[in-house]
Amino acid sequence: MELYLHIPFCVRKCLYCDFLSAPAESGTIEKYVRRLCEEMSCYEDACRGYEVESVFIGGGTPSILTEQQICSVMEAAGEHFRIRRDAEITMECNPGTLTGSKADAMRSSGINRISLGLQSSDNRELEKLGRIHTWETFLCSYETAKKSGFQNINIDLMSALPGQTAESWEKTLTDVLQLHPAHISAYSLIIEEGTPFYDRYAKEDELRRRGGRPTLLPGEEEEREMYVRTKELLGQAGYHRYEISNYALDGFECRHNTGYWRRKNYLGLGLGSASLMENTRFRNTADLNSYLNHPFCHEDREILQPEDQMEEFMFLGLRMMQGVSRAVFENEFGVPIESVYGSALERLASQGLLTLQKDRIFLTERGIDISNYVFTEFLQ
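Parameters and conventions
- Sequence order as written defines the numbering, with residues in each chain counted from 1.
- Since the coordinates come from a predicted model, pLDDT governs what is reported: local features require at least 70, and pairs of side-chain atoms require 80 or more to be given and counted, while whole-chain, interface and lining totals use all residues.
- Based on all heavy atoms of the structure, the side-chain values leave hydrogens and waters out of the count.
- To pair, rings of Phe, Tyr and Trp, with the six-membered ring standing in for Trp, must have centres within 6.5 Å; the planes then decide the type, stacked if under 30 degrees apart, edge-to-face if over 60, and tilted in the middle.
- Put simply, DSSP H or I for four residues or longer makes a helix, DSSP E for two residues or longer makes a strand, and each gets a number counted from the N terminus.
- Think of it in three bands: with a 1.4 Å probe and only protein chains considered, a residue is buried below 20% of the maximum accessible area for its type, exposed above 50%, and partly exposed in between.
- The rule for a charge over a ring is simple: NZ of Lys or CZ of Arg within 6 Å of the ring centre, and within 35 degrees of the ring normal.
- Note that a disulfide, as used here, is simply two cysteine sulfur atoms within 2.5 Å.
- Geometry is summarised by axes, namely lines fitted to C-alpha atoms with helices restricted to the contacting stretch, and by angles between N-to-C directions that run from 0 to 180 degrees.
- Should an angle lie under 35 degrees it is considered roughly parallel, over 145 roughly antiparallel, and from 65 to 115 roughly perpendicular; all remaining angles are considered oblique.
- Crossing chirality is assigned from the near helix's rotation relative to the far helix, an anticlockwise turn below a right angle marking it left-handed and a clockwise turn marking it right-handed.
- For this analysis, residues touch if any pair of their heavy atoms sits within 4.5 Å.
- To qualify as a nonpolar core, a set must consist of buried Ala, Val, Leu, Ile, Met, Phe, Trp, Tyr and Cys residues joined through side-chain atoms within 4.5 Å.
- Basic side-chain nitrogens of Lys or Arg form a salt bridge, by our definition, when they fall within 4 Å of a carboxyl oxygen of Asp or Glu.
- Patches were defined on residues exceeding 30% relative accessible area and lacking a salt bridge, with like-charge contacts within 9 Å and nonpolar side-chain contacts (Val, Leu, Ile, Met, Phe, Trp, Tyr) within 5 Å.
- Surface exposure here means Shrake-Rupley accessible area, sampled with a 1.4 Å probe, where a residue is shielded only by the protein chains that are shown.
- In this tally, Asp and Glu contribute negative charge and Lys and Arg positive charge; neither His nor the terminal groups of the chain are included.
- In this description, the location of a charge corresponds to atom NZ of lysine, CZ of arginine, CG of aspartate or CD of glutamate.
- Here the expected span of a helix is defined as 1.5 Å times the quantity of residues minus one.

A full pass over the atoms with the stated rule returns 15 aromatic pairs. Between Phe-197 and Tyr-201, the ring centres sit 4.9 Å apart and the planes meet at 85°, which makes this aromatic pair edge-to-face. Of the two residues, Phe-197 and Tyr-201 both sit in helix H7 (residues 196–209), four residues apart, roughly one turn of that helix. Ring centres of Tyr-341 and Phe-378 lie 5.2 Å apart, and the angle between their planes is 80°; this geometry places the pair in the edge-to-face category. Of the two residues, Tyr-341 is situated in helix H13 (residues 337–350) and Phe-378 in the segment after helix H15 (371–376); the sequence distance between them amounts to 37 residues. The exposure classification of Tyr-341 matches that of Phe-378, with both residues buried. Among the aromatic residues, ring-to-ring pairing joins Phe-313, Phe-329, Phe-333, Tyr-341 and Phe-378 into one connected group. For Arg-35, the ring lying beneath its charged end belongs to Phe-296, and the centroid distance is 3.9 Å. Positioned above the aromatic ring of Phe-150 is the side chain of Arg-107, whose terminal nitrogen or guanidinium carbon lies 5.3 Å from the ring centre.

Written out as structure tokens, the structure reads:
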């Protein structure tokens, strides 16, 4: 199984962010950490038969925690779960919140992978996003992580930003490649309802998606150019694309996220965290007061039927460049993949969107470009 631990606190909410996160005072954060450790203890017996292959501490901004709080979380995880000695253990960090003492505490407590949220190396673009850091702040945080001994570092980037051009995006890619991180995640901005960005840019985003000419966001053609240059520059620098938005040096693919795409068991703990255990989905409350002061309970509990499992197998597995395996599908569900999705596979292959090989089925380059359309073909 995999373990996800949610830290829902940040210094300041970014203008595009719809994640379950918000600023909080130190007393609330301390109470939350104690509560998270208590929640972990509740699963000790139920998870005794599982080995934890990866741990991901996400947020929010987990690096907002103090050194002692980081150690407390990791000690509780080690006490209540059987974590493999070679487990990948990731902590998300925001530039400007990572100090040398925190990085040392992370290393000493067993964390072996850092994910740094940069988004852009252009300070004007960062300011428009509402980020708390500059490019120079990021460089200090990156160097801090390296000095503490972290070799497995991911950098998050975001394209199609307000005011961004293909040239400024290419400069961000070039700046990051000079650092030679182990992993790069490159996502396109999504305007999410309920965020300040939605109020500002929703109409522009709709115009862009219809092929119009927005004035505040990059147009469709410029966004396409950013996408193409990402593949080209990262490929030339030795990063292989193993998932639609993720690139890694050999051996540094994110094992935790790969587990999601392969539908491994994962237990999510902390405010609003979702879980998938033995084909049952459930989540924690998203109300902070309830989480801190009431008995732990699950919401939206759903036992996935075989049809649901098959759908997830297809649209999650096809996110990866190696696609899905016919043999694994038949072993998991007891029927050949063609008996369920034969017509969809043939149709998508004839449209040049899927490649059908002896065992593997994966997206073509054109299929990657319109992957959301491909995925809908497997939804009943």
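There's plenty left to go through after this.
Summed over all chains, the structure comprises zero disulfides. For Cys-71, which is in no disulfide, the shortest distance to another cysteine sulfur is to Cys-37 and amounts to 11 Å. Given a relative accessible area of 17%, Cys-71 falls into the buried group. Among the cysteines around Cys-297, which has no disulfide bond, Cys-42 carries the closest sulfur, lying 12 Å off. A relative accessible area of 47% means that Cys-297 is categorised as partly exposed.

Time to look at the packing of helix H11 (residues 306–317) against H13. Contact geometry for H11 and H13: axes closest at 12 Å, N-to-C directions at 55°. Judged on the interaxial angle alone, H13 and H11 are oblique. When you trace H11 past H13, the crossing you get is right-handed. Contacts between H11 and H13 involve Glu-307, Met-310, Glu-311 and Met-314 from the former and Ile-337, Val-340, Tyr-341 and Leu-345 from the latter.

The next thing to look at is the nonpolar core. By size, the foremost hydrophobic cluster in this structure holds 62 residues, and its most contacted members are Met-40, Phe-81 and Leu-267. If sequence neighbours within four positions are ignored, Leu-267 has contacts with Met-1, Glu-2, Leu-3, Tyr-4, Tyr-43, Cys-47, Phe-81, Ser-275, Met-277 and Phe-282. Among the nonpolar cores identified, the runner-up in size contains 21 residues, and Leu-348, Leu-353, Leu-363 and Val-374 belong to it.

Inspection of the entire model under this criterion finds 23 salt bridges. The closest approach of N and O atoms between Arg-208 and Asp-205, which form a salt bridge, is 2.8 Å. Of the two residues, Arg-208 and Asp-205 are both situated in helix H7; the distance of three residues between them amounts to about one turn of the helix. A single burial state applies to Arg-208 and to Asp-205, both of which are buried. The residue Arg-281 makes a salt bridge to Glu-312 at a minimum N-O spacing of 2.8 Å. One end of the pair, Arg-281, is in strand S11 (residues 280–284); the other, Glu-312, is in helix H11, with 31 residues separating them in the sequence. Among the residues examined, Glu-312 registers a relative accessible area of 11% and is labelled buried. Within this structure, Glu-53, Arg-84, Asp-86 and Lys-264 form a network of salt bridges that share partners.

This brings us to a negative patch on the surface. A cluster of like negative charges, contributed by Glu-167, Glu-220, Glu-221 and Glu-225, occupies part of the molecular surface. Ranked by residues supplied to the negative patch, first place goes to helix H8 (residues 220–236) with three residues. Inspection of the secondary structure puts Glu-220 in helix H8. Accessibility expressed as a relative area gives 41% for Glu-220, which makes it partly exposed.

A few words now on helix H5 (residues 135–147). In this model H5 runs 18 Å from its N-terminal to its C-terminal C-alpha over 13 residues, within 8% of the 18 Å that 1.5 Å per residue would give. Those residues of H5 that fall on the buried side of the exposure criterion are Trp-135, Phe-138, Ser-141, Tyr-142, Thr-144 and Ala-145. Buried positions along H5 lie against helix H3 (100–109), strand S4 (113–119), helix H4 (123–129), strand S5 (152–159) and helix H6 (166–177). Two residues or fewer past H5, Gly-149 is found with a positive phi of approximately 100°.

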